[in-house]
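Okay, here's what each chain looks like letter by letter:
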Number of protein chains: 2
Amino acid sequence: MIAGIETGGTKVICAVAEALDPGTILAETRIDTTSPEQTLAAIRDFLAPKAVDGRFDAVGVASFGPVDVDPDSAHFGRITSTPKRGWRGTDLLAGLRLASGTPVRLVSDVTGAALGEHRFGAGRGVSDLAYVTVGTGVGAGLVVDGAPFTQRAHPELGHLLVRRHPEDPFGGVCPFHGDCLEGLASGPAIQARWGRPGIDPGPRQRESLQLTSYYLAQLLATISYTTAPQRIVAGGGVMKTPGLLEAVREQLVLLVGGALADHPLTDPASGYVVRPELGDGSGVRGALSLASDALPPAPVLG
Amino acid sequence: MIAGIETGGTKVICAVAEALDPGTILAETRIDTTSPEQTLAAIRDFLAPKAVDGRFDAVGVASFGPVDVDPDSAHFGRITSTPKRGWRGTDLLAGLRLASGTPVRLVSDVTGAALGEHRFGAGRGVSDLAYVTVGTGVGAGLVVDGAPFTQRAHPELGHLLVRRHPEDPFGGVCPFHGDCLEGLASGPAIQARWGRPGIDPGPRQRESLQLTSYYLAQLLATISYTTAPQRIVAGGGVMKTPGLLEAVREQLVLLVGGALADHPLTDPASGYVVRPELGDGSGVRGALSLASDALPPAPVLG
């Protein structure tokens, strides 16, 4: 039996599967993310009765960040500089109290989503995939050659210093930078800019779509310039706004222009930027995939 | 015998070495980059007498781009959308007329420089390195786990859409975008902005350093956010400007702020951003390393 855990900013999803069939979830639960103690206790309560002889064959964790994902670090498994109340310094992996010797892999939540979509969703068929999420925060996760990238760290692209749209006087909501990407294009940023949640469906919808797609297309261009994924999956609550994905695809063409000749991003209909196929399940499916990757090699008869 | 070739925008450097000692250059030449025909002929003229029985054990090429570096592509080895006169569509590898079956590896010039510094220079001791060059153009190359990244493509970070400095009205010189990073911070951009080459050593020096470091620090922040290298080597003619490297390090701290807690970039003296150690030799040393990596495995006695 293997376990996959996605710890998100507002909820945690835990699931278990047979070790050899990570794609079939046998049991799953959702837990509200509250204090570290309460949240970790609820995860343990769900997992304990599913363990076989008190242990799992492997466990994969996809966590909100920033989190130290470097197995060689002294702080492996700890949440680092999060503004999330009470979580800074939390040792997530220790808090699971897994049986000694359990193989564990840890990635960021967005990297987990990228891996889930890569294995079971919109990223099947390519080896290099990016997943961007636009919701409470903005983030990116990368799969390179079918594996999480990097092994030592996770992207922090929510803090990208985007070029300001000339018609956007809004100061932004990022506690570190004010008007970095997350400060301008996350759900809370859009709410703060217009005084109401989500992209305005009213008279200012066109303006709101224009600003948000301008900022998000810069993220996609930057990822394309840096790591050259074969496909980008764009998920998260804000990306569900009608018209936003299409607007981002069009902005991307305008921003990159002739600099990447023959690149699929120059054609909005190419399927370079797509929606997730697993909905809210990308992350936990990625976490189960990670657990599966961490399984010890099967013994060879002979 | 192995050969390494760095084709740059203004000059080509070719070198040969013993297959088992890529760090010791036995012969080297510099060739002006003119037309593809003339330049490739000069490369062949240098290489031909060094080949053993008409062939090299392996050849590594680090080329100016954009160039198709994907061995699985139908256009592998071709220069793509360059504005460089006469070179668009040039099949660089075919033009070398290597003996059939010669193992060849190809990366971008900046990736070659990254690899050279990683193996023999300022990048020794880390597995993940970025090299940024600021000269005629602006570019970045990445080494991940000791190998060029990615295998399918090279970064195009010169076209990063940087945030404009509020006191910089200059329109930029990029033929695609005007005021992308390369359009604002390359050597030709600085020359066009001030009407004289290089960062002004006169009364506007402070202003010029401020603008250029602001734009270049955005490149370094973006690389740090995306691929999390352990060190960044900053080379190229513009980076030799007195005070610029120091200004970039300081801008980087200001731009990233608290978003990457405990990251070495938060300390300008940490050695996270360093100068190259191989001067103009990074690229060709990288090309020789590539050739060495491409050698067929030695036969095993037994």
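Only a predicted model underlies this, so the values are computations on that prediction, with no experimental measurement involved.

Some remarks on the overall build of chain A
Phase 1: When its secondary structure is counted, chain A shows eight helices and 10 strands.
Phase 2: Here chain A has a C-alpha radius of gyration of 19 Å; the compact-globule value for 302 residues is 19 Å, and the two agree.
Phase 3: The burial tally for chain A puts 57% of its 302 residues in the buried class.
Phase 4: Of the contacts formed within chain A by residues at least 6 apart in sequence, a portion of 62% connects residues at least 24 apart.
Phase 5: Summed over its atoms, the accessible surface of chain A is roughly 12,100 Å², and 51% of this surface lies on carbon and sulfur atoms.
Phase 6: In chain A, 25 side chains carry a positive charge and 31 a negative one; their mean positions are 4 Å apart.

A word on the domain arrangement of chain A
All names here are of chain A.
Phase 1: Looking at the assigned domains, one finds that chain A contains domain 1 (2–108 + 280–294) and domain 2 (122–276).
Phase 2: The C-alpha centroid of domain 2 is placed 27 Å from the C-alpha centroid of domain 1.
Phase 3: Across the domain 1/domain 2 interface, buried area totals approximately 780 Å², and carbon plus sulfur atoms make up 61% of it.
Phase 4: At the surface where domain 1 touches domain 2, the tally comes to zero salt bridges.
Phase 5: Across the domain 1-domain 2 interface, the total number found is one residue pair in polar contact (both at pLDDT 80 or more).
Phase 6: Those elements that provide at least two residues to the side of domain 1 that touches domain 2 are strand 5 (104–108) and helix 8 (282–294).
Phase 7: Residue classes in the side of domain 1 that touches domain 2 are distributed as seven nonpolar, four polar and two charged.

Things to note about the relation of the copies chain A and chain B
Phase 1: Mapping chain A onto chain B calls for a screw motion: a turn of 180 degrees about the axis and a shift of 0.0 Å along it, with 0.0 Å RMSD after fitting. Here the symmetry operator amounts to a two-fold rotation axis. Judged by C-alpha distance, R163(A) is the residue of chain A that lies nearest the rotation axis, at 2.1 Å.
Phase 2: Taken as a fraction of all interface residues of chain A, those also at the interface in chain B reach 100%, which identifies the copy contact as same-surface.

Side note on the environment of A27(A)
Residues and elements named next belong to chain A.
Phase 1: By secondary structure assignment, the location of A27 is in strand 3 (residues 27–32).
Phase 2: Distance in space between the C-alpha atoms of A27 and C14 is 8.2 Å, their sequence separation being 13 residues.
Phase 3: The contacts of A27, once residues within four sequence positions are left out, are C14, A15, V16, F46 and K50.

Focus on the pattern of salt bridges
Residues and elements named next belong to chain A.
Phase 1: Considering all chains together, one arrives at 20 salt bridges over all chains under this definition.
Phase 2: A salt bridge links D168 to R164; its shortest N-O distance comes to 3.5 Å. Judged on exposure class, the residue D168 and its partner R164 are both buried.

Observations concerning the interface of chain A and chain B
Phase 1: With 37 residues of chain A in contact, the opposing surface of chain B contributes 37 residues.
Phase 2: Each partner contributes to the roughly 3,000 Å² buried at the junction of chain A and chain B, and carbon and sulfur atoms together form 61% of this total.
Phase 3: Put simply, chain A and chain B have four salt bridges between them.
Phase 4: Ionic pairing is found between D128(B) and R152(A), a salt bridge with its closest N-O pair at 3.0 Å.
Phase 5: Between the two partners, chain A and chain B, sit 14 residue pairs in polar contact (both at pLDDT 80 or more).
Phase 6: Contributions of two or more residues to the side of chain A that touches chain B are made by strand 7 (138–144), helix 6 (205–227) and helix 7 (244–256) of chain A.
Phase 7: Considering every element that reaches the side of chain A that touches chain B, the biggest residue donor is helix 6 of chain A, with six residues.
Phase 8: When the residues that make up the side of chain A that touches chain B are grouped by side-chain class, the tally is 20 nonpolar, 11 polar and six charged.

Concerning the nonpolar core
Phase 1: Ranked by size, the top nonpolar core spans 92 residues in total, and within it L181(A), I223(A), L252(A), L181(B), I223(B) and L252(B) carry the most contacts.
Phase 2: Ignoring anything within four residues of it in the chain, the contact list for I223(B) reads A130(B), V132(B), A140(B), L142(B), L157(B), A228(B), P229(B) and I232(B).

Focus: the state of the cysteines
Phase 1: Going through the model one piece at a time under the given rule, you end up with zero disulfides over all chains.
Phase 2: In this structure C180(A) is not part of a disulfide, and its nearest cysteine sulfur, from C174(A), lies 3.6 Å away.

A few points about the packing of aromatic side chains
Phase 1: Considering all chains together, one arrives at five aromatic pairs over all chains under this definition.
Phase 2: For the cation-ring pair, R285(A) lies above F120(A), with the distance from its terminal atom to the ring centre recorded as 4.7 Å.

Considering unusual backbone geometry
Phase 1: Here the residue pair F149(A) and T150(A) is connected by a cis peptide bond, since its omega of -10 degrees sits within 30 degrees of zero.
Phase 2: Examined against the element boundaries, T150(A) turns out to sit in the loop between strand 8 (147–149) and helix 4 (181–185).
Phase 3: Despite not being glycine, R97(A) shows a phi value in the positive range, around 50 degrees.
Phase 4: Residue position: R97(A) is located in the loop between helix 2 (92–95) and strand 5.
Phase 5: Phi is positive for A228(B), close to 50 degrees, though the residue is something other than glycine.
Phase 6: Residue A228(B) is classed as buried on the basis of its relative accessible area of 12%.

Describing the sheet that holds strand 1 (residues 2–7) of chain A
Residue and element names in this part refer to chain A.
Phase 1: The strand order across the open sheet formed by five strands is 3-2-1-4-5, and the pairing between neighbours is mixed. Looking along the sheet, the strands with just one partner apiece sit at the ends: strand 3 and strand 5. For this sheet, the mean inter-axis angle between neighbouring strands, taken without regard to orientation, is 15 degrees.
Phase 2: Direction of pairing for strand 2 (residues 11–17) relative to strand 3: antiparallel, over a ladder of six bridges. Looking at the pairing, K11 lines up with D32 of strand 3.
Phase 3: In this fold helix 3 (residues 109–120) packs onto strand 1, strand 4 (58–63) and strand 5, with an angle of close to 105 degrees to the strand it touches most, strand 5.

Describing helix 6 of chain A
Phase 1: When the terminal C-alpha atoms of helix 6 of chain A are compared, their 32 Å separation across 23 residues agrees well with the 33 Å that a helix rising 1.5 Å per residue should span.
Phase 2: Where helix 6 of chain A ends, the next residue or the one after it, A228(A), has phi of about 50 degrees, a positive value.

What counts, and where the lines are drawn
- Residues numbered from 1 in each chain as written.
- Chains lettered and ligands numbered in written order.
- Predicted model: local features only at pLDDT ≥ 70, side-chain atom pairs only at ≥ 80, totals over all residues.
- Heavy atoms only, no water.
- Helix = DSSP H or I, 4+ residues; strand = E, 2+ residues; numbered from the N terminus.
- Rg over C-alpha atoms; globule rule 2.2 N^0.38 Å.
- Buried < 20%, exposed > 50% of the residue type's maximum accessible area, 1.4 Å probe, protein only.
- Contact = heavy atoms within 4.5 Å.
- Areas by Shrake-Rupley, 256 points an atom, 1.4 Å probe, with all protein chains shown as cover.
- Lys, Arg positive; Asp, Glu negative; His and termini not counted.
- Charge placed at Lys NZ, Arg CZ, Asp CG, Glu CD.
- Domains from an automatic or database assignment.
- Buried area = accessible area lost by both parts, 1.4 Å probe.
- Salt bridge = Lys/Arg side-chain N within 4 Å of Asp/Glu carboxyl O.
- Polar contact = N/O pair within 3.5 Å; in protein donor to acceptor, adjacent residues only side chain to side chain.
- Nonpolar A, V, L, I, M, F, W, Y, C, P; charged D, E, K, R; others polar.
- Least-squares fit on C-alpha atoms with pLDDT ≥ 70 in both.
- Core = buried A, V, L, I, M, F, W, Y, C linked by side-chain atoms within 4.5 Å.
- Disulfide = S-S within 2.5 Å.
- Phe/Tyr/Trp six-rings, centres within 6.5 Å; stacked < 30°, edge-to-face > 60°.
- Lys NZ or Arg CZ within 6 Å of the ring centre and 35° of its normal.
- Pairing = 2+ DSSP bridges.
- Axes fitted to C-alpha atoms, helices over the stretch in contact; angles between N-to-C directions.
- Expected span 1.5 Å × (residues − 1).

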